[in-house]
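# Structural overview for review
What follows is the residue order along each chain.
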Amino acid sequence: MAGQFRAPMGRLREGQYFSFCLDHVREYNATYNYFNGMSDEAVLSYQKDALTGHRPTWKMGANRQDAASGPMRDPFSMRGDGSGAKRRGARAPRHGVVALKALNALGLDDEAGPEEIKARYKELVKRLHPDANGGDRSNEDRLREIINAYNVLRSSRAV
């Protein structure tokens, strides 16, 4: 019978295979041991490296800049502590992207405080509600957008 079943050739020959018939591949696989010929320490080392996908790792803080050389430079404010923005004189954003979109839907900028947000919400709801427009439902989509924007701001604690 022709060899139509693949069996691995072994360690250090990854991607290479023998071709066996079904009976012989079963016999080969029953006795196959990837770790054959390795010491116990080498097997343990392999298993430990397998936890990280055999990729290099470093101890926490091993790549940090030396404290004696001063604080790390953070020109793009990637650390989140605002140190880069403070050096450039810029201010940290007050709201996240979703909250900014919600403020924009209400026609407000990111400087708006909770009282101003509530007042703007009430004004828009009163103006766009069908009951205030004699039953006209043409502004329903805009009203729904305003209500959703206000709920986003409430959940992000901007209000």
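Refer to the structure presented above.
Summary of the structure given here. (Residues numbered from 1 in each chain as written. Predicted model: local features only at pLDDT ≥ 70, side-chain atom pairs only at ≥ 80, totals over all residues. Heavy atoms only, no water.)

### Examining the overall build of the protein chain
For the protein chain, the count of helices and strands is 6 helices and 2 strands. In the protein chain, which comprises 159 residues, the proportion classed as buried is 21%. Considering only intrachain contacts with a sequence separation of at least 6, the fraction spanning at least 24 residues in the protein chain is 24%. When the accessible area of the protein chain is evaluated, it comes to approximately 12500 Å², of which 52% is carbon and sulfur surface. (Helix = DSSP H or I, 4+ residues; strand = E, 2+ residues; numbered from the N terminus. Buried < 20%, exposed > 50% of the residue type's maximum accessible area, 1.4 Å probe, protein only. Contact = heavy atoms within 4.5 Å. Areas by Shrake-Rupley, 256 points an atom, 1.4 Å probe, with all protein chains shown as cover.)

### Let's talk about the nonpolar core
The tendency in soluble globular proteins is for nonpolar side chains to be buried side by side. Core analysis: the largest hydrophobic core is formed by 18 residues, its most contacted members being Leu103, Leu106, Leu108, Ile117, Ile146 and Leu153. Residue assignment for this core shows that the elements contributing at least two residues are α4 (97-105), α5 (114-128) and α6 (140-155). Residue contacts for leucine 108: discarding those within four places in its chain leaves Leu103, Glu116, Ile117 and Arg120. (Core = buried A, V, L, I, M, F, W, Y, C linked by side-chain atoms within 4.5 Å.)

### What to know about the packing of aromatic side chains
Evaluated as defined, the whole model comprises 8 aromatic pairs. With centroids separated by 5.7 Å and ring planes inclined at 35°, the aromatic side chains of tyrosine 28 and tyrosine 32 adopt a geometry described as tilted. Look at tyrosine 34 and phenylalanine 35: their rings are 5.3 Å apart centre to centre, the planes differ by 85°, and that puts the pair in the edge-to-face class. A residue is classified by how much of its surface remains accessible, and tyrosine 34, at 22% relative accessible area, is partly exposed. Taken together through their ring pairs, the aromatic side chains of Phe18, Phe20, Tyr28 and Tyr32 make up a single cluster. Its end group placed over the ring of tyrosine 17, arginine 6 keeps NZ or CZ at 3.9 Å from the ring centre. (Phe/Tyr/Trp six-rings, centres within 6.5 Å; stacked < 30°, edge-to-face > 60°. Lys NZ or Arg CZ within 6 Å of the ring centre and 35° of its normal.)

### Thoughts on the pattern of salt bridges
A complete count under the given rule lists 6 salt bridges for this structure. Between glutamate 123 and arginine 127 there is a salt bridge; the shortest N-O distance is 3.9 Å. Of this pair, glutamate 123 and arginine 127 both sit in helix α5, 4 residues apart, which is roughly one turn of that helix. Classification of glutamate 123 as partly exposed rests on a relative accessible area of 40%. Notably, a salt bridge pairs glutamate 145 with arginine 142, separated by 3.8 Å at the nearest N-O pair. Residue glutamate 145 and its partner arginine 142 are located together in helix α6, separated by 3 residues, close to a single helical turn. Judged by its relative accessible area of 39%, glutamate 145 is partly exposed. Among the residues examined, arginine 142 registers a relative accessible area of 30% and is labelled partly exposed. (Salt bridge = Lys/Arg side-chain N within 4 Å of Asp/Glu carboxyl O.)

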